[in-house]
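Survey of secondary and tertiary structure
Letter by letter, the chains look like this.
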Amino acid sequence: AQNKKALFIIFGGTGDLAYRKLYPALYKLYKKNYLNENFAVIGTARREWSDPYYQEVVYDSIQEIKKSDEDAKEFASHFRYQSHNVNDTENYISLLKLADELDEEYDLEGNRVFYLSVSPSFFGTVSSHLRAENLITENGFNRLIIEKPFGSDFVNSDVLNNDILESFSEEQIYRIDHYLGKEMIQMLLALRFGNPLFKKIWNKDFVSNIQVTLAEDMGVEERGAYYEQSGALRDMVQNHVLQIVSFLYMDEPKSNDSNAIRKVKVEALRDLKIINKDNINHNFVRGQYSSSKDNLDILDYVSEHEVDPDSTVETFVAGKIESTHENWKGVPLYIRTGKRMKAKKTQIDIVFKNDATTFFPAQEVKENVLSIHIGPDEGLSLQLNNKKIGHAFEIEPIHLTYQPSADAPEDYERLILSALTGDKTNFVHWDELAESWKYIDSIREAWTNADSPLYLYEANTNGPKEANELLENDNNYWIWN
Ligand code: BG6
């Protein structure tokens, strides 16, 4: 591993994301020697914390993965804390002083990664202060990593983006979608373009339908206030789901260069058939969870902490996406995501056309299905028809499966390393974001204009029955159920 030198300044350093994801990811990079002596972290947030307290928090966050106590302490010693009001110029001046000291102490050569894990309303303020108060160095690289949500609709994310662009160039901006750091999402490209077998059949002639499921069994937990503003459409569909959709639909890029990949992804998003009030109710279903008959501890969504008792925010979305691309005409791509579903399951199913002949009548053969298991278990499985062992000549479905055995790097670990090496392939370019917001806005507006129903579904189920009907109307059914 080649050792990287950098100072990280994390806005939102006391937050849940930093604790659960960022510190453990940095520790893993440290253990693999991508970071060693030459890195330091400044955590900043509103709260008044001391350095020792902050280091204790960092140390706690890696308890389950630490190699030894000593090692964890050494790692935590690279962390400093500064309490910070994002609007106060004075704070940036002291941040600069601390940054320069650490740069000197750890020999960081002016490399800086600014990590914004705060409300989008602060993105503009923070980036303009970083520029104005000279936190951006002349000698090293300066990169701005931005967490979601990146705005709440196209217009507002455009304003947000322009605010940031006054201080950082698109080249320096790394918009996170942590799904792009997942092993199996990256494997999709290898699968699609590394196998002549799939390349030839990845189109309307052979594919019957595609299904993308991002199911969660959790409720909204402590994030009610955030979730009330977002709902499932903005929380999961705008980003993770549409990123997956663009990988599934896109043409083969000219090369494996990040610009070439981005180009075809943007085109794929541009080709999505826009939703309007006349087609919305045939194509999209929204739902909200209610309590469970079997588990009395589970609350209705509207009874959750910081949720409006009259809330009409959706915790579930199922939809039928269509592309206007020549290759995909008439192939529905069904998506589904929700809280409080049966299980945590992220899965893509490619269902191939059932090409039964007189040799095998259609009722005897199952469809060939390629399933890509993204999480929590990773792997692939291909459903084929095979002869049943025995004297009779009967067929039955079998599954060829693959499970990656290696200890795959986790999403945040991979993305932070990419940001350190300046590889933008797995970050979201503004052009992708703009297209995905436009599509999402069309759904939201259509829901309002068509006065679409919000269906309640019982917790621990896979959403309202209307989500099944969406497929049944096309003579299809959900592969994972
Ligand atoms: C986040 C959403 O982006 O993704 C959460 O805000 C959701 O609501 C999470 O729980 C799911 O991510 P993963 O990696 O656990 O599938």
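The shown structure was predicted, so the numbers you read here are calculated from the model rather than taken from an experiment.

Turning our attention to the pairing of strand β12 (residues 369-375). Counting buried positions along β12 gives 7 out of 7 residues, so the element sits mostly inside the fold. Here 6 bridges tie strand β11 (residues 345-352) to β12, and the two strands are oriented antiparallel to one another. Bridged to Gln347 within β12 is His373. Between β12 and the antiparallel strand that follows it, strand β13 (residues 379-387), lie 3 residues.

In the vicinity of the ligand, the contacting residues are Lys148, His178, Tyr179, Lys182, Glu216, Met218, Arg223, Asp235, Met236, His240, Lys339 and Lys344. The side chain of His178 places a nitrogen or oxygen atom 2.8 Å from an oxygen atom of the ligand. Contacts to the ligand include Lys339, whose side-chain N or O atom sits 2.7 Å from an oxygen atom. Computed on the free molecule, the ligand has an accessible area of 390 Å², of which 82% lies beneath the protein chains in the complex.

Tallying each qualifying case throughout the model produces 26 aromatic pairs. Every member of this aromatic cluster is reached through a ring pair, and the members are Tyr23, Tyr27, Tyr30, Phe39, Trp49, Tyr53, Tyr54, Phe75, Phe79 and Tyr81. Looking at Arg175, its charged tip hangs above the ring of Phe150, at a distance of 5.3 Å from the centre. One cation-aromatic arrangement involves Lys424 over Tyr174; the distance from NZ or CZ to the ring centre is 5.2 Å.

Because each turn of an α-helix spans 3.6 residues, side chains separated by three or four positions in sequence point in the same direction. Among all positions in helix α2 (residues 51-61), only Tyr54, Val57, Val58, Tyr59 and Ser61 are buried. Looking at the buried residues of α2, the elements they touch are α1 (16-31), β2 (39-45), α3 (69-76) and β3 (79-83). Looking at where α2 begins, the residue whose side-chain oxygen comes 3.1 Å from the main-chain nitrogen of Tyr53 is Ser50.

Summarising the element assignment, Ala318 is placed in strand β9 (residues 316-321). Not counting residues within four places of it along the chain, the set of residues in contact with Ala318 comprises Asn283, Phe284, Val285, Ile335, Arg336, Ala467 and Leu470.

A separate point is the sheet that holds strand β1 (residues 6-11). Pairing between the strands of a sheet is mediated by backbone hydrogen bonds and can be parallel or antiparallel. Overall, parallel pairing links the 6 strands, which are arranged β3-β2-β1-β4-β5-β6 in an open sheet. Of all strands in the sheet, those bounded by a partner on one side alone are β3 and β6 (173-175). Strand-to-strand twist in this sheet, taken as the mean axis angle between neighbours without regard to direction, amounts to 20°. Taken together, the 6 bridges between β1 and β2 define a ladder with parallel strand orientation. Bridging across to β2, Phe8 finds its partner in Val41. Strand contacts of α1: β1, β2, β3 and β4 (112-116), with the helix running at about 170° to β1, the strand carrying the most contacts. Against the sheet, helix α4 (residues 89-106) touches β1, β2, β3 and β4, its axis set at about 170° to β3.

Conventions used here
- Residues numbered from 1 in each chain as written.
- Predicted model: local features only at pLDDT ≥ 70, side-chain atom pairs only at ≥ 80, totals over all residues.
- Heavy atoms only, no water.
- Buried < 20%, exposed > 50% of the residue type's maximum accessible area, 1.4 Å probe, protein only.
- Helix = DSSP H or I, 4+ residues; strand = E, 2+ residues; numbered from the N terminus.
- Pairing = 2+ DSSP bridges.
- Near = heavy atom within 4 Å.
- Polar contact = N/O pair within 3.5 Å; in protein donor to acceptor, adjacent residues only side chain to side chain.
- Areas by Shrake-Rupley, 256 points an atom, 1.4 Å probe, with all protein chains shown as cover.
- Phe/Tyr/Trp six-rings, centres within 6.5 Å; stacked < 30°, edge-to-face > 60°.
- Lys NZ or Arg CZ within 6 Å of the ring centre and 35° of its normal.
- Contact = heavy atoms within 4.5 Å.
- Axes fitted to C-alpha atoms, helices over the stretch in contact; angles between N-to-C directions.

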